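Okay, here's what each chain looks like letter by letter:
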Amino acid sequence: MKFKKYLFFIHIWVLNPILNILPWFWIDVFYDNQSHIGNAMHHPLYLFLWAISSAWGFYKLSILYWQKRKFSYVSILHRFLCIGMPVSCLIPYQLQNAGWLNDLHIWLAIGCVGGFIVEWLYYFYKQMLLISYEKILVLVFVFCSFLLFVPGHITSAAQTSFSLLVNITLYQLVFSGNHDKISA
């Protein structure tokens, strides 16, 4: 478990933050989104690595935590949702593309991220009493929704914040050691 914790530490506290900080130097993160970097700026490899990094943490850390809490999740659905996130980044979003292709890019990403959030909302509903980091995860979802709805469209600020904050919170849930303590 120590080696696994070390690998997750490197991913969550080094690699994922690097991938999430880069857009803050490249674009207007409150207007443009990650797809802009991948398609208009011609950095599809960056976009895919960012999506893989985000989704891998969402996938593995959620499973590790749900197993600790003996929560019965739908494995195939969780796998599909987390694979769909980077797959959506492989579908280019460009104005010259057919409308259905752009729509597929958008709705696959929205559906997978939204489905991931619904999985966690279902977990929260089943648990009823949330521990400290579970409460923080709820606040992260609210904060990132705020970043999404204020400008009225998906921005890199919302995407990078979601990737970074959800992964850090999930890491804390899995490795903090207080997952059995229920707080009021």
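The coordinates are above.
The following refers to the structure shown. (Residues numbered from 1 in each chain as written. Predicted model: local features only at pLDDT ≥ 70, side-chain atom pairs only at ≥ 80, totals over all residues. Heavy atoms only, no water.)

## So, the overall build of the chain
The following threshold applies: Numbering of helices and strands starts at the N terminus; helices are DSSP runs of H or I of at least 4 residues and strands are runs of E of at least 2. Taken over C-alpha atoms, the radius of gyration is set against a globule rule of 2.2 Å times the number of residues to the power 0.38. The buried label goes to any residue with under 20% of its type's maximum accessible area, the exposed label to any with over 50%, and the partly exposed label to all in between, with areas taken from a 1.4 Å probe on protein chains only.
Secondary structure summary: the chain contains 8 helices and 0 strands in total. The order of helices and strands in the chain, counted from the N terminus, is α-α-α-α-α-α-α-α. Whereas a compact globule of 184 residues would reach a radius of gyration of roughly 16 Å, the chain reaches 16 Å, a difference of no more than 12%. On the principal axes, the C-alpha backbone points of the chain span a range of 55 × 30 × 30 Å. The burial tally for the chain puts 45% of its 184 residues in the buried class.

## Concerning the layout of surface pockets
Put simply, the rule is: Think of a 1 Å grid over just the protein atoms. A cavity is a set of points where a 1.4 Å probe fits yet cannot get out, a pocket is an open set with protein on both sides within 12 Å along at least five of seven lines, and lining residues have an atom within 4 Å of a point. Grid points are joined across faces, edges and corners, and a volume is the space filled by probe spheres set on the points.
By volume, the largest pocket is sized at about 1,000 Å³. Asn33, Ala109, Ile110, Ile154 and Gln159 are the residues nearest the centre of the largest pocket, which is lined by 39 residues in total. When residues of the lining of the largest pocket are assigned to their parent elements, the largest contribution, 7 residues, is made by helix H6 (residues 99-127).

## What to know about the packing of aromatic side chains
Where we set the bar: For this analysis, a ring pair means two rings from Phe, Tyr or Trp (six-membered ring only for Trp) whose centres lie within 6.5 Å, classed as stacked if their planes differ by under 30 degrees, edge-to-face if by over 60, and tilted for the remaining angles.
A full pass over the atoms with the stated rule returns 22 aromatic pairs. Measuring from ring centre to ring centre gives 5.4 Å for Phe58 and Phe162, while their planes differ by 75°; the resulting arrangement is edge-to-face. You can see Phe58 sitting in helix H4 (residues 44-68) and its partner Phe162 sitting in helix H8 (residues 156-175), a full 104 residues away along the chain. The exposure class assigned to Phe58 is buried, which follows from its relative accessible area of 2%. The interplanar angle of 50° and the centroid separation of 4.9 Å between the aromatic rings of Tyr171 and Phe175 together place this pair among those described as tilted. Pair noted here: Tyr171 and Phe175 are both in helix H8, with a separation of 4 residues, about one helical turn. Across this residue pair, the class does not change: Tyr171 and Phe175 are buried.

## Structural notes on the nonpolar core
Heads up, the condition is: We define a nonpolar core as any set of buried Ala, Val, Leu, Ile, Met, Phe, Trp, Tyr and Cys residues linked to one another through side-chain atoms lying within 4.5 Å. By definition in these notes, contact holds between two residues if any of their heavy atoms fall within 4.5 Å.
Membership of the largest hydrophobic core comes to 34 residues, with the highest contact counts inside it found for Leu61, Phe116, Trp120, Phe141, Val166 and Leu170. Within the residue set of this core, elements represented by two or more residues are helix H1 (2-21), H4, helix H5 (75-90), H6, helix H7 (132-149) and H8. Among the elements that make up this core, the one with the highest residue count is H8 (8 residues). Beyond its immediate stretch of four places on either side in the chain, Leu61 contacts Phe8, Ile12, Trp56, Asn167, Leu170, Tyr171, Val174 and Phe175. Ranked by size, the runner-up nonpolar core spans 10 residues in total, among them Ile27, Ile37, Leu47 and Trp50.

## As for the pattern of salt bridges
Spelled out, the test is: A pair is scored as a salt bridge if a Lys or Arg side-chain nitrogen falls within 4 Å of a carboxyl oxygen belonging to Asp or Glu.
Under the counting rule described, the total for this entry stands at 1 salt bridge. Close ionic contact of Arg69 with Glu134 constitutes a salt bridge, the shortest N to O distance being 3.8 Å. Placement of the pair is Arg69 in the loop between H4 and H5 and Glu134 in helix H7, with a sequence separation of 65 residues. Each member of the pair Arg69 and Glu134 is classed as buried.

## Some details on unusual backbone geometry
A positive phi angle, close to 60°, is found at His42, a residue other than glycine. Position of His42 among the secondary structure elements: in the loop between helix H3 (34-39) and H4. Overall, His42 belongs to the exposed group, its relative accessible area being 62%. If you check the backbone angles, Met128 has positive phi at about 70° while not being a glycine. Tracing the backbone through its elements, the reader meets Met128 in the loop between H6 and H7.

## Some words on the environment of Tyr93
Within the element layout of this structure, Tyr93 appears in the loop between H5 and H6. For the pair Tyr93 and Leu7, spaced 86 residues apart in sequence, the C-alpha separation works out to 33 Å. Setting aside its immediate chain neighbours within four residues, Tyr93 contacts Asn39, Asn102, His105 and Ile106.

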